[in-house]
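# An overview of the molecular structure
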Amino acid sequence: MKYIGIDVHKKICVACIKDESGTTLTEMKFSNNKEGFRDLLSVVGEKRARAVMESTGNYWLQLYDALETQGIEVVLANPLKTRVIAESKLKTDSVDAAMLADLLRADLIAPCYVPPPEVRDIRALIRKRMALKKECTRVKNRIHSLLAKHELPSFPGSDLFGKKGLKWLEDQKEHLTPVDQILLDVELTQLKTLITLIEKINEDIAELAKQSEDVSLLMTITGVDYYTALLFTSEIGDINRFSSSSKVASWIGLVPRVHQSADTYYHGRITKQGSSLVRWALVQAAQVAVRWDPHWKKVYERISSRAGKKKAIVAIARKLAVTMYCMLTRKEPYRYFNEESYRRKVKKLERIINTTPKNRGEAVMLSS
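Attention now goes to the pattern of salt bridges. Summed over all chains, the structure comprises 19 salt bridges. Notably, a salt bridge pairs D102 with R105, separated by 3.5 Å at the nearest N-O pair. Placement of the pair is D102 and R105 together in helix α4 (residues 93–105), with a separation of three residues, close to one helical turn. Overall, the relative accessible area of 24% leaves D102 in the partly exposed class. Across the pair E350 and K210 runs a salt bridge whose closest N-O atoms are separated by 3.3 Å.

This is how it looks when you write it as structure tokens:
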């Protein structure tokens, strides 16, 4: 058995190959592309091998797939935990690669879960939508800031960035300075482009959500729509890799920190380790659930009376994660299923899918 430690970078990778006794067989540099992968595989040969690399941006993806395709068992190391074990005063690419090979040989690697390519594609789509939404919010904030410089009347409607609101903004240009007119033009053009892109990606996400049985199952929960359900299932991946609901909550980072000294235990704030996207989505879902679901409202009021509203929302988010785990593993719908609420979600999903390209930009002017 050969053990391969690989320090991955954008253009160049460094590999250290060791045998079962820990003797270094080869150290090499190779390009992080298909030609470089072939160079590495030619050195490894046909003998059985295991490889390890750290999760560094997206630079590991192609190498991981190339090695796995050739029948090499690949482990993706958690950089946070690997640094704790392998911290060294002398830090070079060769030292890192050798240390990874030794840790793999001793079975001391803390692995990361690597979802299949189709799940990685869904993740990429959802994360891009999230990035577009954040940029959209930044543009809207810049428009608010621009308008605040001038004594303009307040917009008479409720949605400044809806169809009527955008027309109102166009009409206000005559009250601005020439430079601010140019800036507002730029911001509005960017906003309209972002709205169009978000509508397009929403349709793509809705199509994927409609094809997923797990998403349909999770949508029976009050406060969980198709986007939240697909985000949860894609970020979690294979739900059966978690042996209990408490481990799912821990992975999301919704469990409190625990400090122990002798027989005394101290519970602190939540760890916030794991997927920040899932944590955010569950908190958003919890805020809707406590308003419209009698069950969650009752639990929220009981917790908030002794711990406060903010902690109560986090507690509901954790309970939602546990509920979703149980539903997915048992293939059961939500116990307090509201049929009318579910029907509205499905209708919204169908409406997004059936939005034509011609009307996409006008159908929904996103306010948030």
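This part takes up the packing of aromatic side chains. Note on aromatic pairs: each is described by the distance of the centres and the angle between the planes. In the structure shown here, the tally under the stated rule is five aromatic pairs. On the numbers, 5.6 Å between centres and 85° between planes, the contact of W60 with Y64 is edge-to-face. Here the aromatic rings of F337 and Y342 are separated by 5.6 Å at their centres, their planes lie at 70°, and the arrangement is edge-to-face. Under the relative-accessibility criterion, F337 is labelled partly exposed at 36%. The ring of Y113 is capped by R241, whose NZ or CZ atom sits 3.8 Å from the centre of that ring.

Right, let's talk about helix α2 (residues 61–69) for a bit. Of the residues making up α2, those classed as buried are L63, Y64 and L67. Here the buried residues of α2 occupy an arc of 100° about the axis, which is enough to place them on one side. Contacts from the buried residues of α2 go to β1 (2–8), β2 (12–18), β3 (24–31), α1 (34–44), β4 (49–54) and β5 (73–77). Positive phi appears at G71, one or two residues downstream of α2, with a value of about 85°.

Another aspect to go through is the nonpolar core. Counting residues in each nonpolar core, the largest one holds 54 residues, and the members touching the most others are L218, Y226, F232 and L282. It is helix α13 (residues 309–330) that provides the largest number of residues to this core, a total of twelve residues. Setting aside chain neighbours within four positions, we find Y226 in contact with N202, I205, A206, A209, V215, M219, L349 and I352. Formed by 22 residues, the second largest nonpolar core is a distinct cluster that contains I6, C13, V44 and M53.

If you walk across this open sheet you meet the five strands as β3-β2-β1-β4-β5, and the pairing is mixed. Strand pairing shows two members of the sheet lacking a second neighbour, β3 and β5, which therefore form its edges. Shown here is a sheet whose adjacent strand axes are inclined to one another by a mean of 20°, direction ignored. For β1 and β2, the ladder comprises six bridges, and the chain directions are antiparallel. When the bridges of β2 are listed, D7 appears paired with V14. α1 contacts β1, β2, β3 and β4 of the sheet and is inclined by roughly 165° relative to β3.

Moving on to the pairing of β4. Judged by how many residues are buried, β4 sits mostly within the fold: six of six residues are covered. On β4, burial covers both faces: A49, A51 and M53 on one face and R50, V52 and E54 on the other are all buried. Both β1 and β4 contribute to a ladder of five bridges, which runs parallel. In the sheet register, G5 faces β4, and the bridge partner there is V52. Judged from the five bridges that link them, β4 and β5 form a sheet pairing that is parallel. Considered in β5, the bridge of E54 is made with A77. For the crossover from β4 across α2 to β5, the handedness is right-handed.

This next bit is on the environment of H295. Within the element layout of this structure, H295 appears in helix α12 (residues 294–307). Distance from H295 to Y336, taken between C-alpha atoms, is 7.4 Å for residues 41 residues apart in sequence. Sequence-distant contacts of H295, defined by excluding residues within four places in its chain, comprise Y334 and Y336.

Thresholds applied
Residues numbered from 1 in each chain as written. Predicted model: local features only at pLDDT ≥ 70, side-chain atom pairs only at ≥ 80, totals over all residues. Heavy atoms only, no water. Salt bridge = Lys/Arg side-chain N within 4 Å of Asp/Glu carboxyl O. Helix = DSSP H or I, 4+ residues; strand = E, 2+ residues; numbered from the N terminus. Buried < 20%, exposed > 50% of the residue type's maximum accessible area, 1.4 Å probe, protein only. Phe/Tyr/Trp six-rings, centres within 6.5 Å; stacked < 30°, edge-to-face > 60°. Lys NZ or Arg CZ within 6 Å of the ring centre and 35° of its normal. Arc of directions from axis to C-beta. Contact = heavy atoms within 4.5 Å. Core = buried A, V, L, I, M, F, W, Y, C linked by side-chain atoms within 4.5 Å. Pairing = 2+ DSSP bridges. Axes fitted to C-alpha atoms, helices over the stretch in contact; angles between N-to-C directions. Right-handed = clockwise from strand over helix to strand, strands pointing away.

Any link to function would need more than the numbers given here.
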